[in-house]
Amino acid sequence: MKRKIFIVIFFAAVLACACYGLSPRFKLEASNNNVSIIVDYREILTLAKNSGLQIDDAIKILMDNGATGLMVSELTGDNIDHGVGQAEFKTVKNPERSTEGTIISIMPESPYKDILNEWLRIRFGISNDKKGPVLLTMPTNMLKNSGIIPDIEGLELAKKSGLKIFYRPAPSPGHLSEKASIMLRNVHEKYNVSVFTPSGEYVSGYPDVSKLANAAHDLNIPVAAVEFSRQVGEAQLNALASPLLIPLHSVTNDEMTARRISRSALRDRLVRAAVERSVRLLLLRTAPPNTSDFLFKDFAEEVKLLGEELKSHGFNLAWPAPVFKDANLHTNIFTAWALSAVLIFSLWCYLVRMGMNDNLKINSIFIAVNIILAVLIFKVSFVSRLAGAFAAPLIAVEGSLIAMDNNRGKNVLRAFIFVVISGLALASFFSVTRYMMRLNTFSGVKLTLVLPPLLILLHDLKKRIHPESLIAILSRPPLWGELVLVGVLLAGLGLIVFRSDNVAFIPGFEAKMRVALEKILIARPRTKEVFIGYPSILILSFLVSKKLFANYRELFRIGVALGFSSVINSFCHFHTPLALILLREFNGLWTGLIMGLIAVGLVKFVLLPLIKLIRPVIS
């Protein structure tokens, strides 16, 4: 069988296996269209009072504008100290023991005093049946961040209005950690909680968060998996509660103030979370408390605008379900074979390029090794993680080398098709609940940013594509241009690795550019592809054809590697809808080639004439 025919048949089989493995994911993503806008009860109460509105009227306006959920938190000692809720503290001292205690009492005028007294005893494990104040043998300051009683006014409002309840259990002091889950069960029994996630710096009961997870399963209450959360114990709770998870995105007031996030940027961020990362719960906060000119009508308009933007992307403003609860997502031998195939093919091609003998027994050997590795990937989780981690960078390397073969621009399309098919194969194996819900971290993302440039550089030195060998370079004094080049490369690689999944480090101008591209193209192409990868291919082809800058072409070859690393990394974002990934990569291809043509034009008509002009002056 001729080599080209073998490769075509081989990759047709890879694509068929990948599509078969991805079909459940496609169906799941197509049906997962409900998104909920959630508002914070206490924030709305403050805005309504400041605007002279009754809270019932304010909630009705927000519901008419698209809000479907209400966040209600368990009140902490700090809340009670600041007059929030219907309880109060009194500090008592024991002179004989020099100790301090706390009396917690429910306000006698509270219409909910009976149930709150009952819940107060449940929360602190007090078994007597008295209805009066509770005496705790702990100082008031120890209760600052601890849950005291549920915010029953918010719960009643949600029940009355029909809004879904997003409940936030607070941490518990020391030995009372399990009481948070008991309180959750009681609140759910009376108010039917729709989703919950703990508040505070740590999950109540950490390191044993199983009691809250057990409550989630027993009561069938999903946990809101908060994006980018740094809460201690949150990852363990999500893992134990899986698959009863619904992703949630919010921006805290502290972050809004520190990063000066505008209200329009906040809405864009929430929409992006829904579109690009399959987040289905969006907590829209009001402006920070010190923003005096922010009124309820402004917030109501924001809820309306956010809802309209979500609808324009095809979402329904309705309460979402934990989509992975009944999803039939699992690995199979076909997806394992597809992953094995692209890994072995990419590795084999690289070794052949580096000088390994390529005799035509490759077909039988290749198929045998592929089948053996596929079985290991399917059966042994460690092997599958390792295969995924190295498949991604090797695919990027082979794609880059295909694109640069013979320095012909037409090879770009071949390279693109190779990387896309390989990316689908990679995604097909890892499109399972634990990866799509980000409970397991894919090991290849960071490696794909670092390894391809190094392998390309090693290849170029070995094959003398760079004019000098590594030994020749090391045996002579470095040139200033080379030192600057190495410095730029190291700084660039460091920046790329640091920025990977680090949203906070993106500068404002780039964030605005991203938003503009999203509005124009729907799926924004990735920066490294449009401005580095594809332009580098065309600039490199031009420089080779004109026999220019031989010592510095390596910069553009590494740029090509970074671009294809970005392409394959897109397929490693298993929480991003596949249709969006494919559209993003197509947009990246044509916009990147346009940017490349512009860059070639600048080099040809601006840079080269400028060099000719200044060279006599500096020589």
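On a predicted model such as this, the values are computed, not experimentally measured, just so you know.

(A) Main features of the overall build of the chain. Of regular secondary structure, the chain possesses 24 helices and 12 strands. Sequence separation of at least 24 residues holds for 78% of the intrachain contacts in the chain that already meet a minimum separation of 6.

(B) Inspection of the confidence of the model for the chain at higher detail. Residues of the chain with pLDDT of at least 70 account for 87%, and the chain-wide mean is 87. In this model residues 501–505 is a low-confidence stretch, pLDDT under 50, and it forms 7 contacts with partners more than four residues away in sequence or in other chains.

(C) Expanded view of the packing of helix 3 (residues 55–65) against helix 6 (residues 152–161). Two elements in contact, helix 3 and helix 6, have axes separated by 11 Å at closest approach and are oriented at 55°. Taken as axis vectors, helix 3 and helix 6 run oblique relative to one another. Both helix 3 and helix 6 take part in a crossing whose hand is right-handed. Contact residues: helix 3 offers I55, D56, I59 and M63, while helix 6 offers L157, K160 and S161. Taken together, the residues that form the contact of helix 3 with helix 6 break down as 4 nonpolar, 1 polar and 2 charged.

(D) Representation of the pairing of strand 9 (residues 223–226) within the structure. Here strand 9 runs beside strand 10 (residues 245–250); their pairing, made up of 4 bridges, is parallel. Each residue of the ladder has a partner; that of A224, found in strand 10, is I246. In this view, the connection linking strand 9 to its parallel neighbour strand 10 by way of helix 9 (residues 234–241) has right-handed handedness.

(E) Here's a closer look at the layout of surface pockets. Approximately 640 Å³ is the volume found for the second largest pocket. For the second largest pocket, the lining is made up of 19 residues, of which I7, F11, F345, I402 and R414 are closest to its centre. Among the elements of the structure, helix 1 (3–31), helix 13 (333–353), helix 15 (381–404) and helix 16 (411–430) are those that each provide at least two residues to the lining of the second largest pocket. With 7 residues, helix 1 is the largest single contributor of residues to the lining of the second largest pocket. Here the lining of the second largest pocket is built from residues that sort into 13 nonpolar, no polar and 6 charged.

(F) Representation of the packing of helix 15 against helix 23 (residues 554–571). Contact geometry of helix 15 with helix 23 gives a least axis separation of 8 Å together with a crossing angle of 130°. With respect to helix 23, the axis of helix 15 lies oblique. Seen along the crossing, helix 15 lies across helix 23 with a hand that is right-handed. In this structure, helix 15 contributes A392, I395, A396, G399, S400, L401, A403 and M404 to the contact, and helix 23 contributes R557, V560, A561, F564, S565 and I568. When grouped by side-chain class, the residues that make up the contact of helix 15 with helix 23 number 10 nonpolar, 3 polar and 1 charged.

(G) Spatial organisation of the pattern of salt bridges. The tally for this structure, following the rule as stated, stands at 20 salt bridges. The shortest N-O distance in the salt bridge between D64 and K60 comes to 3.2 Å. One end of the pair is D64 and the other is K60, both in helix 3 and 4 residues apart, which spans about a single turn. In this structure, D64 and K60 share a single accessibility class: exposed. Close ionic contact of R353 with E398 constitutes a salt bridge, the shortest N to O distance being 3.1 Å. Here E398 lies in helix 15 and R353 lies in helix 13, a separation of 45 residues in the sequence.

(H) How the structure looks around the environment of A599. Relative to the helices and strands, A599 resides in helix 24 (residues 578–618). Given a relative accessible area of 18%, A599 falls into the buried group. Between the C-alpha atom of A599 and that of S536, which follows or precedes it by 63 residues, the distance is 8.8 Å.

(I) Seen up close, empty space enclosed by the protein. For the structure on display, the rule yields 2 cavities of 30 Å³ or more. Within this model, the second largest cavity holds a volume of roughly 30 Å³. What lines the second largest cavity is L75, G85, Q86, L116, I149, P150, D151, I152 and E153. Mapped onto the lining of the second largest cavity, the elements with two or more residues apiece are strand 6 (147–150) and helix 6.

(J) Main features of a nonpolar patch on the surface. Together, I522, L583, F586, W590, I594, I598, L602, F605 and V606 make up a nonpolar patch on the protein surface, roughly 880 Å² of accessible area in all. Along the polypeptide, F605 turns up in helix 24.

(K) Layout of helix 3. Turning to helix 3, its buried residues are I55, A58, I59 and L62. Around the axis of helix 3, the buried residues are gathered within 95° of arc, so they sit on the same side. Looking at helix 3, the residues exposed on the side facing more than 90 degrees away from the buried face are K60 and D64. Each element contacted by the buried residues of helix 3 is listed here: strand 1 (34–40), helix 2 (41–50), strand 2 (67–76), helix 6 and helix 12 (296–312).

(L) Expanded view of the side chain of R584. Among the secondary structure elements, R584 is positioned in helix 24. Sequence-distant contacts of R584, defined by excluding residues within four places in its chain, comprise E276, A523, R524, P525, R526 and S570.

(M) Quick look at the pairing of strand 1. Where burial is concerned, most of strand 1 is hidden: 6 out of the 7 residues are buried. Of the pairings in the sheet, the one linking strand 1 to strand 12 (residues 316–317) comprises 2 bridges and is parallel in character. Looking across to strand 12, one finds that N34 is bridged to N316. Sheet analysis places strand 1 next to strand 11 (residues 281–283), joined by 3 bridges and oriented parallel. If you follow I38 over to strand 11, its bridge partner there is L283. When strand 1 meets strand 2, the two strands line up parallel, connected through 4 bridges. Bridging from a neighbouring strand, I38 pairs with G69 of strand 2.

(N) Geometry of the side chain of S181. Summarising the element assignment, S181 is placed in helix 7 (residues 179–191). A residue is classified by how much of its surface remains accessible, and S181, at 7% relative accessible area, is buried.

The rules behind each value
Residues numbered from 1 in each chain as written. Predicted model: local features only at pLDDT ≥ 70, side-chain atom pairs only at ≥ 80, totals over all residues. Heavy atoms only, no water. Helix = DSSP H or I, 4+ residues; strand = E, 2+ residues; numbered from the N terminus. Contact = heavy atoms within 4.5 Å. pLDDT = per-residue confidence, 0-100. Axes fitted to C-alpha atoms, helices over the stretch in contact; angles between N-to-C directions. Parallel < 35°, antiparallel > 145°, perpendicular 65-115°, else oblique. Left-handed = near helix turned anticlockwise from the far one by under 90°. Nonpolar A, V, L, I, M, F, W, Y, C, P; charged D, E, K, R; others polar. Pairing = 2+ DSSP bridges. Right-handed = clockwise from strand over helix to strand, strands pointing away. 1 Å grid on protein atoms, 1.4 Å probe; cavity = no way out; pocket = protein on both sides within 12 Å on 5 of 7 lines; lining within 4 Å. Points joined across faces, edges and corners; volume = space filled by probe spheres on them. Salt bridge = Lys/Arg side-chain N within 4 Å of Asp/Glu carboxyl O. Buried < 20%, exposed > 50% of the residue type's maximum accessible area, 1.4 Å probe, protein only. Patch = residues over 30% accessible without salt bridge, like charges linked within 9 Å, V, L, I, M, F, W, Y side chains within 5 Å. Areas by Shrake-Rupley, 256 points an atom, 1.4 Å probe, with all protein chains shown as cover. Arc of directions from axis to C-beta.

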